[in-house]
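Here is what each chain is made of, one letter per residue.
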Amino acid sequence: AKVWTTCSLLTHTNSRGRYWDDMKTHITHLRFGGDNCFVIEKDGHAVLVDTGRKATRERLLSALRPWNIKLILLTHGHFDHAYNAAFLAREFGAVVALHEADAALVRDNRIHTIDSRGLLGYFIKKASLANINRTHIEPFVPAFYLRGGQDLGCFGIDAQIIELPGHTAGSVGIIVGKKCIVG
């Protein structure tokens, strides 16, 4: 399976950020500055992958209105992926899922240490820590925890979870056909 990072996904979609795979499953890339979210849809079923930061909230909500979102998947627990999870779950009556290894991280992003190298790394670390210290994710209770090999067919889409620990202990990817969405 080809791994699609946010950057490579942009080069493999049409002008509206949509990709159709062989199974008639659609992936729509929603980009808001540095925040990237994805909708995986098939036959009227839709799953949202990642929820962006606070500044993304209203634009993301507006962009998601055409879909009937029933599941919100978080690729990992950092605030720029999970900030709007509780809000969007209420708006759509959806459930939220993430890997259990990131459950504590989503409650407090300050528990994850940030390493840096060189002068540029120092400044990136400093800016990241400032954001983390002033950003608090609204609490939510995951409906279930994601695990490697988990099939998402019960949510109406042809997709599967793959564990990708590294960026965080609970980082996951979502395999859709021959593609993989990685946060």
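From a predicted model like this one, the values you see are computed outputs, not experimental measurements. (Residues numbered from 1 in each chain as written. Predicted model: local features only at pLDDT ≥ 70, side-chain atom pairs only at ≥ 80, totals over all residues. Heavy atoms only, no water.)

Structural notes on the nonpolar core
Inference 1: With 29 residues, the main nonpolar core has Leu64, Ile69, Ile72, Leu88 and Phe140 as its most contacted residues.
Inference 2: Listed by contribution, the elements that provide at least two residues to this core are strand 3 (26-32), strand 4 (35-42), strand 5 (45-49), helix 2 (57-64), strand 6 (69-73), helix 3 (79-82), helix 4 (85-92) and strand 7 (95-99).
Inference 3: Examining the composition of this core, we find that six residues originate from one element, helix 4, more than from any other. (Core = buried A, V, L, I, M, F, W, Y, C linked by side-chain atoms within 4.5 Å. Buried < 20%, exposed > 50% of the residue type's maximum accessible area, 1.4 Å probe, protein only. Helix = DSSP H or I, 4+ residues; strand = E, 2+ residues; numbered from the N terminus.)

Examining the side chain of His76
Inference 1: Within the secondary structure layout, His76 lies in the loop between strand 6 and helix 3.
Inference 2: Among the residues examined, His76 registers a relative accessible area of 2% and is labelled buried.
Inference 3: Only 3.3 Å separates the side chain of His76 from the side chain of Thr75, close enough to count as a polar contact.
Inference 4: Within the local environment of His76, its side chain forms a polar contact with the side chain of His78, the two groups lying 3.3 Å apart. (Polar contact = N/O pair within 3.5 Å; in protein donor to acceptor, adjacent residues only side chain to side chain.)

Observations concerning the packing of aromatic side chains
Inference 1: Inspection of the entire model under this criterion finds two aromatic pairs.
Inference 2: Aromatic side chains Tyr122 and Phe123 sit 5.2 Å apart centroid to centroid with 75° between the ring planes, which places their arrangement in the edge-to-face category.
Inference 3: Overall, the relative accessible area of 43% leaves Tyr122 in the partly exposed class.
Inference 4: The class of Phe123 is partly exposed, set by a relative accessible area of 47%.
Inference 5: Here the aromatic rings of Phe144 and Phe155 are separated by 5.8 Å at their centres, their planes lie at 25°, and the arrangement is stacked. Taken as a pair, Phe144 in strand 8 (residues 144-146) and Phe155 in the loop between strand 8 and strand 9 (160-163) lie far apart in primary sequence, 11 residues in all.
Inference 6: Between the NZ or CZ atom of Arg57 and the centre of the ring of Phe87, over which it lies, the distance is 4.1 Å. (Phe/Tyr/Trp six-rings, centres within 6.5 Å; stacked < 30°, edge-to-face > 60°. Lys NZ or Arg CZ within 6 Å of the ring centre and 35° of its normal.)

Overview of helix 4
Inference 1: In terms of residue burial, helix 4 counts as a mostly covered element, since six of its eight residues are buried.
Inference 2: For helix 4, the full list of buried residues reads Ala85, Ala86, Phe87, Leu88, Ala89 and Phe92.
Inference 3: Where the residues of helix 4 are buried, they touch strand 5, helix 2, strand 6, helix 3 and strand 7. (Contact = heavy atoms within 4.5 Å.)

Points about the layout of surface pockets
Inference 1: In this structure, the largest pocket encloses a volume near 350 Å³.
Inference 2: For the largest pocket, the lining is made up of 14 residues, of which His78, Ile114, Ser128, Ile132 and His167 are closest to its centre.
Inference 3: Mapped by element, the contributors of at least two residues to the lining of the largest pocket are helix 3 and helix 6 (118-134).
Inference 4: A per-element tally of the lining of the largest pocket places helix 6 first, with four residues.
Inference 5: When the residues that make up the lining of the largest pocket are grouped by side-chain class, the tally is four nonpolar, eight polar and two charged. (1 Å grid on protein atoms, 1.4 Å probe; cavity = no way out; pocket = protein on both sides within 12 Å on 5 of 7 lines; lining within 4 Å. Points joined across faces, edges and corners; volume = space filled by probe spheres on them. Nonpolar A, V, L, I, M, F, W, Y, C, P; charged D, E, K, R; others polar.)

Section: a nonpolar patch on the surface
Inference 1: Together, Leu119, Tyr122 and Phe123 give the surface a local cluster of nonpolar side chains, amounting to about 350 Å² of exposed area.
Inference 2: Here Tyr122 shows up in helix 6. (Patch = residues over 30% accessible without salt bridge, like charges linked within 9 Å, V, L, I, M, F, W, Y side chains within 5 Å. Areas by Shrake-Rupley, 256 points an atom, 1.4 Å probe, with all protein chains shown as cover. Salt bridge = Lys/Arg side-chain N within 4 Å of Asp/Glu carboxyl O.)

Topic: the side chain of Asn84
Inference 1: Its location among the elements puts Asn84 in the loop between helix 3 and helix 4.
Inference 2: Under the relative-accessibility criterion, Asn84 is labelled buried at 0%.
Inference 3: If we ignore the near neighbours within four places in the chain, the residues touching Asn84 are Thr51, Gly52, Arg53, Lys54, Thr56 and Arg57.

Regarding the confidence of the model for the protein chain
It should be kept in mind that the predicted coordinates are not to be read in detail where pLDDT is low.
Inference 1: Looking at the protein chain as a whole, the pLDDT averages 86, with 87% of positions reaching at least 70.
Inference 2: A low-confidence stretch, residues 1-15 stays under pLDDT 50, and its non-local contacts, those more than four residues away or across chains, total 29 contacts. (pLDDT = per-residue confidence, 0-100.)

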